[in-house]
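The lines below spell out each chain.
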Amino acid sequence: MELREFFSEDVVKLELESSGKDDLLKEMIGLLGLDEKSESILYKMLKRRENLGSTGIGKGIAIPHCRSLVVNRLRVAFGRKPGGIDFRAIDEQPVHNVFLIVAPPLEVSNQYLPVLGKIAQFSKEADVPSRLGEISTAKEFMALLEEKGI
Amino acid sequence: MHPQLEKLLEIQDMKSQRADLLEQTDGGNVEVEVFNISADEALEQLDEKIVEMEESLEASVRNRYKRVAGSRGKFIVPVINGTCFGCFVSIPTAVASGPDRNQALQFCDSCGRFLYMVG
């Protein structure tokens, strides 16, 4: 299973516009192209997960995630906020790069937790935060995943 | 969307979140190892919310929920391409199609689970 299989250029946004954590979550959800009601349910679940503890894992990276029946397969998105945003991250530093992961509760191939782990592993590579800051197109983001063989 | 259906969806999603907190993968428990979550505290918080949501269900819905959740675990399942993803039996077209399919609370005649129309 390769991480890049789950991403496509249309779920990559390199200039997130939101200025607060809640709006940023909504903006990320918007990349998935769901209907309004599904977006609202998903937002509630992501907020509930954030209430258990921030998904800001440090080094400017956050990985908001949840399971929900409003999606029928594992969905991911990537967003970048060049100026950073307060995400109440573990290291208390602003978050610049956000990976969103959503999966249905019933998964035939059980990919959710492994994908979550892979994104975390990718994010922890020493050069990844700076490389993510340098990319200028969605294509370059896809190329970075390819280069990392992840 | 039917308000009771929305509550059922939330309960199902929280129960899935709960299961993930207990799940061990090759890299250990992702939530604990990567996100530094206190599993005990998180479980307690989720359990409280699940009970609160269960109690807020209408009596008839709660009865079916308890019956189905007790015997089958998954109490609400998606309908994808006209098929119940709980028992994989075809759902009548009148139930599975139409623009406002989630406006009514519907269940599978075969397995009894609540249905959520996806896509």
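Here, every reference points to the structure presented above.
Report on the accompanying structure. Bear in mind the structure is a predicted one, so any value in this text is a computation, not a measurement.

## Details of the overall build of chain B
Step number 1: Counting its regular elements, chain B contains 5 helices and 3 strands.
Step number 2: For chain B, the succession of helices and strands along the chain, N to C, is α-α-α-α-β-β-α-β.
Step number 3: In terms of its C-alpha atoms, chain B occupies a principal-axis envelope of roughly 45 × 35 × 25 Å.
Step number 4: Counting across all 119 residues of chain B, residues that qualify as buried make up 30%.
Step number 5: Contacts in chain B between residues at least 24 apart in sequence constitute 57% of all its contacts with a sequence separation of at least 6.

## Details of the nonpolar core
Step number 1: Within the largest apolar cluster, 62 residues are counted, with the highest numbers of intra-cluster contacts made by Ile101(A) and Leu115(B).
Step number 2: Per-element tally for this core: the top contributor is strand β6 (residues 95–103) of chain A, with 7 residues.
Step number 3: Apart from the residues within four sequence positions on either side, Ile101(A) is in contact with Ile63(A), His65(A), Val76(A), Val115(A), Leu116(A) and Ile119(A).

## Let's talk about the sheet that holds strand β3 (residues 114–117) of chain B
Step number 1: Taken in spatial order, the 3 strands make up an open sheet running β2-β1-β3 (chain B), and their pairing is mixed. Of all strands in the sheet, those bounded by a partner on one side alone are β2 (83–84) and β3 of chain B.

## A short note on the pairing of strand β5 (residues 75–85) of chain A
Step number 1: Where strand β1 (residues 12–13) of chain A lies against β5(A), 2 bridges are found, and the strand directions are parallel. In the strand pairing of β5(A), Val12(A) is matched with Phe78(A).

## Here's the deal with the interface of chain A and chain B
Step number 1: In this assembly, 24 residues from chain A lie in contact with 29 residues from chain B.
Step number 2: Where the side of chain A that touches chain B is concerned, the elements lending two or more residues are α2 (36–52), β4 (65–67) and α3 (112–123) of chain A.
Step number 3: Broken down by class, the residue content of the side of chain A that touches chain B amounts to 14 nonpolar, 5 polar and 5 charged.

## Points about the packing of α2(A) against helix α1 (residues 3–22) of chain B
Step number 1: Running from N to C, α2(A) and α1(B) cross one another at 35 degrees; their axes reach a closest spacing of 11 Å. Two packed elements cross with a definite hand, and for α2(A) against α1(B) that hand is right-handed. Within the contact between the two elements, α2(A) uses Ile41(A), Lys44(A), Met45(A), Arg48(A) and Arg49(A) and α1(B) uses Glu6(B), Leu9(B), Glu10(B), Asp13(B), Met14(B) and Gln17(B).
Step number 2: When grouped by side-chain class, the residues that make up the contact of α2(A) with α1(B) number 4 nonpolar, 1 polar and 6 charged.

## Considering the environment of Lys7(B)
Residue and element names in this part refer to chain B.
Step number 1: Looking at the element boundaries, Lys 7 is found in helix α1.
Step number 2: Take Lys 7: there are 18 C-beta atoms within 10 Å of it, and that puts it in the partly exposed class.
Step number 3: When the C-alpha atoms of Lys 7 and Glu 54 are compared, they prove to be 8.3 Å apart, with 47 residues separating the residues in sequence.
Step number 4: Sequence-distant contacts of Lys 7, that is, excluding residues within four places in its chain, are made with Met 53, Ser 56 and Leu 57.

## A few points about the pairing of β3(B)
Residues and elements named next belong to chain B.
Step number 1: Residues Phe 114 and Tyr 116 line one face of β3 and the alternating positions Leu 115 and Met 117 line the opposite face, and both faces are buried.
Step number 2: With 4 bridges joining them, strand β1 (residues 76–80) and β3 adopt parallel strand pairing. In the sheet register, Pro 78 faces β3, and the bridge partner there is Tyr 116.

## Here's the deal with the packing of α1(B) against helix α3 (residues 39–55) of chain B
All names here are of chain B.
Step number 1: One can describe the packing of α1 onto α3 by two numbers: an axis separation of 10 Å at closest approach and a directional angle of 160 degrees. Classified by the interaxial angle, the pair formed by α1 and α3 is roughly antiparallel. Considering how the two elements wind past one another, α1 and α3 form a crossing that is left-handed. Of the residues in α3, those in contact with Lys 7, Glu 10, Ile 11, Met 14, Lys 15, Gln 17, Arg 18 and Leu 21 of α1 are Ala 39, Ala 42, Leu 43, Leu 46, Lys 49, Ile 50, Met 53 and Glu 54.

## Section: the environment of Leu9(B)
Step number 1: Structurally, Leu9(B) is set in helix α1.
Step number 2: The sequence separation of Leu9(B) and Tyr116(B) amounts to 107 residues, and the corresponding C-alpha distance is 8.3 Å.

Cut-offs applied
Residues numbered from 1 in each chain as written. Chains lettered and ligands numbered in written order. Predicted model: local features only at pLDDT ≥ 70, side-chain atom pairs only at ≥ 80, totals over all residues. Helix = DSSP H or I, 4+ residues; strand = E, 2+ residues; numbered from the N terminus. Buried ≥ 20, exposed ≤ 12 C-beta atoms within 10 Å, placed from the backbone. Contact = placed C-beta atoms within 7 Å. Core = buried A, V, L, I, M, F, W, Y, C linked by C-beta atoms within 7 Å. Pairing = 2+ DSSP bridges. Nonpolar A, V, L, I, M, F, W, Y, C, P; charged D, E, K, R; others polar. Axes fitted to C-alpha atoms, helices over the stretch in contact; angles between N-to-C directions. Left-handed = near helix turned anticlockwise from the far one by under 90°. Parallel < 35°, antiparallel > 145°, perpendicular 65-115°, else oblique.

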